[in-house]
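# Understanding the architecture of this molecule
The lines below spell out each chain.
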Amino acid sequence: MNYAKIDPNLCKGCRVCINSCPKHCILLGDSINEIGYQYAQFVPGSPCTACGICFYVCPEFGAVTVFKDEEDANG
Amino acid sequence: MIKHAKSKALYDTFERKGTGQKVSHYCPGCGHGTVHNLIAEALVDLGITDRTVFMSPVGCSVFAYYYFDVGNFQCAHGRAPAVATGVRRVLENAVVISYQGDGDLAGIGTAEILHAANRGENITVFFVNNAIYGMTGGQMAPTTLVGQKTLTTPAGRSLTRDGGPIGMAEVMNALKTPVYIERVSLGTPQGVMKTRKAVKRGLSYQVEKRGFSFVEILSPCPINWKMDPGSSRKWITEHLEPVFPVQKFRDVQSGTAAPEVPKQPKVLKGKALLKMLQGESAITELTESAMKEDQFVKIAGFGGQGVLSAGMFLAKGAIAEGLNASWLPSYGPEMRGGKAYASVILSRKQIGSPVVEKPNVLLAMNLPSLLAFEEDVQPGGVILVNSSIIDRKVTRDDVTALYVPASDIAKSGGLIAASNMVMLTVYLAYTGTLQVETIKKMIPQNVKRKEHVEKNLAIVDASIAYLKEQGLLKT
Ligand SMILES: Cc1ncc(C[n+]2csc(CCOP(=O)(O)OP(=O)(O)O)c2C)c(N)n1
Ligand code: SF4
Ligand code: SF4
Ligand code: SF4
């Protein structure tokens, strides 16, 4: 399984990854993080290809990590 | 398996406000962070993190040095290419990055970028063009579009009143020297992936020592464009790209004739440096310094007491004896009477920063200087007090205090202005840092008025005589 892991407290909720993912694997959650933003979440079980686009478009440092062929896909 | 993760070229935590921070200072959706990530990835991929020196500009990316775990400079507004040139010329193996916004590069810094490019400096410039002054709250930039509303063009930029947007990549392309010029865009994910390639190429050309690379990146400033991050990316594609065409302007492929990279002059050190500064006759015979430990010297007094020149004299003398030296003057706008300090460091090792915060030697030429710096002196340090005009004693008991009637000795020698030379001589002779002979050899080259040379030499002798009289000199 591939997935993108988004660190809730490093995300500023800009939605750029959400708009960019070709497989629509990411959504904006309802909860607010430590720095006051609604944050993006990887939808478990989405057809992620580990293409890395969400990682590259994200303006934050270390907010997105992309995993390829991992067992644990809970994002 | 981790396929994409935060680059090791970025610090784990950012010590900007307090410690342990992990988030950037950028607004949500700002393009700077994306460009930072791409540069950081390329540094690791190319294995050049440890030899990279990064010029942060003035603008929103002013704090880039909090993020990049490389060598860093924060440059004055627009001057990054000039600072980069300096680093390029002295650090042969450094990978030098000039990172700049459009106000910085295309506005206040137009001269610097043009000439660095024209010289074909082997550096890489990342030009983040967001068509606005971001940091200062959204004023018109040189790259602002005609009709674009900004704080300073509330009705939109006017071509006839304000001129049109400057295409910097096109300007670069008018020069013969650059080897690589490309404009890319963060408007779409595909554009980001192209930017990734351009960033890496711009750096690898420098590693191959091919010359000047310029990567212009169209980048969003959602805050000052007053858009959400998603719309700001669309706006890049729909409005910026038609005016600033995304294109590779030049790519001098390997194998084809690259413009000749300017030869980097050799770095001058020690005697060679002194010869360049002062001519062949500067120092006849060089002695090896007997300095016991690194000297962090603060010379302080009022303007006109020769504080700065004493510092310069000391630094030159140290270089003459094969040491490394730095001299950092600090003075008010007035020529005479204001405060004047010189910070001098003498070391056998390379000197990183010329700033002296905790001196181990203080030459206090007047009372305000003693009051200002006494507390800063390291325990075990030496404080020389010009006792002719300071009647206060040193209050600390963990330092050595020497009271020298410097102004009186100088006056007896017929040259009151030479009290700085008395202080310097006493300091050097007492601590054995430099040979008094070195000082005497330097006087003819450094004292401007010939009739003062003899007097200065006599005052040096009188200073030594005073030290002996006081039983402060062993020999
Ligand atoms: C000498 C000087 N003049 C003006 C300023 C004020 N100033 C700070 S940032 C800036 C413009 C920055 O715009 P840009 O280079 O486009 O960078 P951005 O913030 O958009 O990334 C200006 C004019 C300054 N700091 N120093
Ligand atoms: S790696 Fe690609 S497919 Fe997977 S979430 Fe990110 S953008 Fe979507
Ligand atoms: S791009 Fe980064 S900061 Fe923006 S929503 Fe996605 S994870 Fe969060
Ligand atoms: S003001 Fe603009 S350029 Fe500056 S951090 Fe915010 S979005 Fe980025």
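About the thresholds
- For every chain, the first residue of the written sequence is number 1, and numbering continues from 1 along that sequence.
- To label them, take the chains in the order written and letter them from A, then take the ligands in the order written and number them from 1.
- Two thresholds apply to this predicted model, a pLDDT of at least 70 for residue-level local features and 80 or more for giving and counting side-chain atom pairs, whereas whole-chain, interface and lining totals are computed over all residues.
- For the side-chain quantities, the full set of heavy atoms in the structure was used; hydrogens and water were omitted.
- Think of it this way: one heavy atom of a residue within 4 Å of a molecule or strand is enough to make that residue near it.
- Ten residues, namely Ala, Val, Leu, Ile, Met, Phe, Trp, Tyr, Cys and Pro, are considered nonpolar, four, namely Asp, Glu, Lys and Arg, are considered charged, and the remaining ones, Gly among them, are considered polar.
- Note on contacts: a residue pair is in contact if any heavy atoms of the two residues lie within 4.5 Å.
- What gets called buried area is simply the loss in accessible area from a 1.4 Å probe that two parts show on being joined, summed for both.
- Salt bridges are counted wherever a side-chain nitrogen of Lys or Arg sits within 4 Å of a carboxyl oxygen of Asp or Glu.
- In protein, a polar contact means a hydrogen-donor-capable atom and an acceptor-capable atom, both N or O and within 3.5 Å, with residues adjacent in sequence counting only if both atoms are side-chain atoms; elsewhere, any N or O pair within 3.5 Å suffices.
- Starting at the N terminus, helices and strands are each numbered in turn, a helix being any DSSP run of H or I of at least four residues and a strand any DSSP run of E of at least two.
- A pair of strands is labelled paired if DSSP reports no fewer than 2 bridges between them.
- As used in this record, nonpolar core signifies buried Ala, Val, Leu, Ile, Met, Phe, Trp, Tyr and Cys residues forming a set joined through side-chain atoms within 4.5 Å.
- Note on classification: 1.4 Å probe, protein chains only; a residue is buried when its accessible area is under 20% of the maximum for its type, exposed when over 50%, partly exposed between these limits.
- Stacked, tilted and edge-to-face pairs are distinguished by plane angle, under 30 degrees for stacked and over 60 for edge-to-face with tilted covering the rest, among Phe, Tyr and Trp rings (Trp via its six-membered ring) whose centres lie within 6.5 Å.
- When the NZ atom of lysine or the CZ atom of arginine is within 6 Å of a ring's centre and also within 35 degrees of its normal, the charge is said to sit over that ring.
- These domain boundaries are the output of an automatic or database domain assignment.
- Note on areas: Shrake-Rupley with a 1.4 Å probe; residue coverage comes only from the protein chains shown.

## Quick word on the site of ligand 3
The immediate surroundings of ligand 3 are formed by Ile6, Cys11, Lys12, Gly13, Cys14, Arg15, Cys17, Ala40, Cys58, Pro59, Glu60 and Val64 of chain A. Partitioning the shell around ligand 3 into residue classes produces eight nonpolar, one polar and three charged.

## Describing the interface of chain B and chain A
Chain B puts 30 residues into the contact, and the matching count from chain A is 28 residues. Summed over both partners, the interface of chain B with chain A buries about 2,400 Å², with 65% contributed by carbon and sulfur atoms. By the criterion of area lost to chain A, the three top residues of chain B are Met1, His4 and Val23 of chain B, representing 25% of everything that side buries. In this structure, the connection of chain B to chain A is made through zero salt bridges. Between the two partners, chain B and chain A, sit 14 residue pairs in polar contact (both at pLDDT 80 or more). Breaking the side of chain B that touches chain A down by element, the ones donating at least two residues are strand S1 (2-4), helix H1 (31-45), helix H7 (189-207) and helix H9 (229-243) of chain B. Here the side of chain B that touches chain A takes six residues from H1 of chain B, the largest share from any one element. Partitioned by chemical class, the residues of the side of chain B that touches chain A number 15 nonpolar, nine polar and six charged. Pairing geometry for strand S4 (residues 64-67) of chain A and S1 of chain B, over two bridges, is antiparallel.

## Details of the nonpolar core
Counting 63 residues, the largest nonpolar core has Ile26 and Val64 of chain A together with Ile39, Leu43, Phe68, Phe126 and Leu203 of chain B as the members making the most contacts within it. Ranked by residues supplied to this core, first place goes to H1 of chain B with six residues. Excluding its chain neighbours within four sequence positions, the residues that come into contact with Leu203 of chain B are Ala42, Leu43, Leu46, Ile48, Val95, Ile97, Thr124 and Phe126 of chain B.

## Observations regarding the pattern of salt bridges
All names here are of chain B. By the definition in use, this model includes 18 salt bridges over all chains. Across the pair Asp45 and Lys200 runs a salt bridge whose closest N-O atoms are separated by 3.7 Å. Pair noted here: Asp45 is in helix H1 and Lys200 is in helix H7, with a separation of 155 residues, a long-range link. By relative accessible area, Lys200 is classed as partly exposed at 34%. Linking Asp461 and Lys440 is a salt bridge whose minimum nitrogen-to-oxygen distance equals 2.7 Å. Of this pair, Asp461 sits in helix H16 (residues 450-469) while Lys440 sits in helix H15 (residues 436-446), placing them 21 residues apart in sequence. Through salt bridges that share partners, Arg89, Arg119 and Glu121 make up one connected network.

## What about the packing of aromatic side chains?
Here the structure, examined in full by the defined rule, presents 16 aromatic pairs over all chains. Their ring planes at 85° and their centres at 4.8 Å tell us that Phe14 of chain B and Tyr67 of chain B sit as a pair that is edge-to-face. Highlighted residues: Phe14 of chain B in the loop between S1 and H1 and Tyr67 of chain B in the loop between strand S2 (52-56) and strand S3 (71-74), separated in sequence by 53 residues. In this pair, the class of Phe14 of chain B matches that of Tyr67 of chain B, namely buried. Seen from their ring centres, Tyr341 of chain B and Phe373 of chain B are 4.7 Å apart, and the 85° between their planes marks the pair as edge-to-face. A residue pair is termed long-range when its members are at least 10 positions apart, and Tyr341 of chain B in strand S11 (residues 339-347) and Phe373 of chain B in helix H12 (residues 367-373) qualify at 32 residues. Each residue in the set Phe61 of chain A together with Phe14, Tyr26 and Tyr67 of chain B is aromatic and connected to the rest through ring pairs, giving one cluster. Just above the ring of Tyr205 of chain B sits the side chain of Arg210 of chain B; from NZ or CZ to the centre is 3.8 Å. The ring of Tyr403 of chain B has Lys393 of chain B lying over it, and the distance from NZ or CZ to the ring centre is 4.1 Å.

## Looking at the domain arrangement of chain B
The domains assigned to chain B are domain 1 (15-254) and domain 2 (270-469). For domain 1 of chain B and domain 2 of chain B, the distance between their C-alpha centres works out to 45 Å.

## With respect to the site of ligand 1
All names here are of chain B. The local shell around ligand 1 holds 16 residues, among which His32, Cys60, Gly103, Asp104 and Gly134 are the closest. At 2.7 Å from an oxygen atom of ligand 1 is found a side-chain nitrogen or oxygen belonging to His32. A distance of 2.8 Å separates an oxygen atom of ligand 1 from a polar backbone atom of Gly134. Protein chains bury 73% of the 580 Å² of accessible surface belonging to ligand 1 in isolation. Examining the composition of the shell around ligand 1, we find that four residues originate from one element, helix H3 (residues 102-108), more than from any other.

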